[in-house]
Amino acid sequence: MVEIVRTNDLVLVGFLQSLLQNANIPVLVADAHMSALEGMTGAFPRRILVPEDHWRQARRLISEAGLEGELRHD
């Protein structure tokens, strides 16, 4: 799995997860359950992970959605 986005924005996490799943790209939101420990403060960023063989397609979709600035740099 390759990290493509790291963010505290829960709305963005949901949008990206939906975007990738609708394109049949497997996606894992890592650290999603940290909110139970942090008390919903947004202190811990969530990580969007995709399989390495879907990495380019996922980056292209996110860029086409106008969110290129959210992508992790190589």
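Looking at an unreviewed UniProt entry, the protein chain carries the name DUF2007 domain-containing protein, with the source organism given as Microvirga mediterraneensis.

**Q** Go over unusual backbone geometry with me, naming the residues and quoting the values.
**A** Of note in the backbone geometry, Asn24 takes a positive phi value of approximately 60° without being a glycine. Within the secondary structure, Asn24 sits in the loop between helix H1 (10-22) and strand S2 (28-30). Taking the relative accessible area as the measure of exposure, Asn24 reaches 66% and is therefore exposed.

**Q** Before we move on, can you summarise helix H3 (residues 55-64) with the specific residues and values?
**A** Buried within H3 are the following residues: Trp55, Ala58, Arg59, Leu61 and Ile62. Down the axis of H3, the buried side of the element spans an arc of 160°, and every buried residue falls inside it. In H3, the exposed residues that point more than 90 degrees away from the buried face are Arg56 and Glu64. Of the residues trailing H3, Gly66 is marked for its positive phi of about 85°.

**Q** Describe the sheet that holds strand S1 (residues 2-7), naming the residues involved and giving the relevant values.
**A** Sheet strands associate in pairs through backbone hydrogen bonding, adopting either a parallel or an antiparallel arrangement. Spatially, S1-S3-S2 is the arrangement adopted by the 3 strands of the open sheet, whose pairing is antiparallel. Each of the sheet's edge strands pairs with one partner strand only, and the pair in question is S1 and S2. Neighbour-to-neighbour, the strand axes of the sheet open up by a mean angle of 30°, direction not taken into account. Bridge analysis of S2 against strand S3 (residues 46-50) gives 3 bridges, and the strand direction is antiparallel. Bridge pairing in S3 places Leu28 opposite Leu49. In the packing of H3 onto the sheet, the strands contacted are S1 and S3, and the crossing angle to S1 comes to about 30°.

**Q** Lay out the environment of Thr7 with the relevant residues and their values.
**A** Structurally, Thr7 is set in strand S1. The buried category is assigned to Thr7, whose relative accessible area is 10%. For the pair formed by Thr7 and Arg46, sequence separation is 39 residues and the distance between their alpha carbons is 5.5 Å. Setting aside its immediate chain neighbours within four residues, Thr7 contacts Leu12, Val13, Pro45, Arg46 and Glu70. Among the polar contacts listed, one links the side chain of Thr7 to the backbone nitrogen of Asp9, at a separation of 3.0 Å.

Analysis parameters
Residues numbered from 1 in each chain as written. Predicted model: local features only at pLDDT ≥ 70, side-chain atom pairs only at ≥ 80, totals over all residues. Heavy atoms only, no water. Helix = DSSP H or I, 4+ residues; strand = E, 2+ residues; numbered from the N terminus. Buried < 20%, exposed > 50% of the residue type's maximum accessible area, 1.4 Å probe, protein only. Arc of directions from axis to C-beta. Pairing = 2+ DSSP bridges. Axes fitted to C-alpha atoms, helices over the stretch in contact; angles between N-to-C directions. Contact = heavy atoms within 4.5 Å. Polar contact = N/O pair within 3.5 Å; in protein donor to acceptor, adjacent residues only side chain to side chain.

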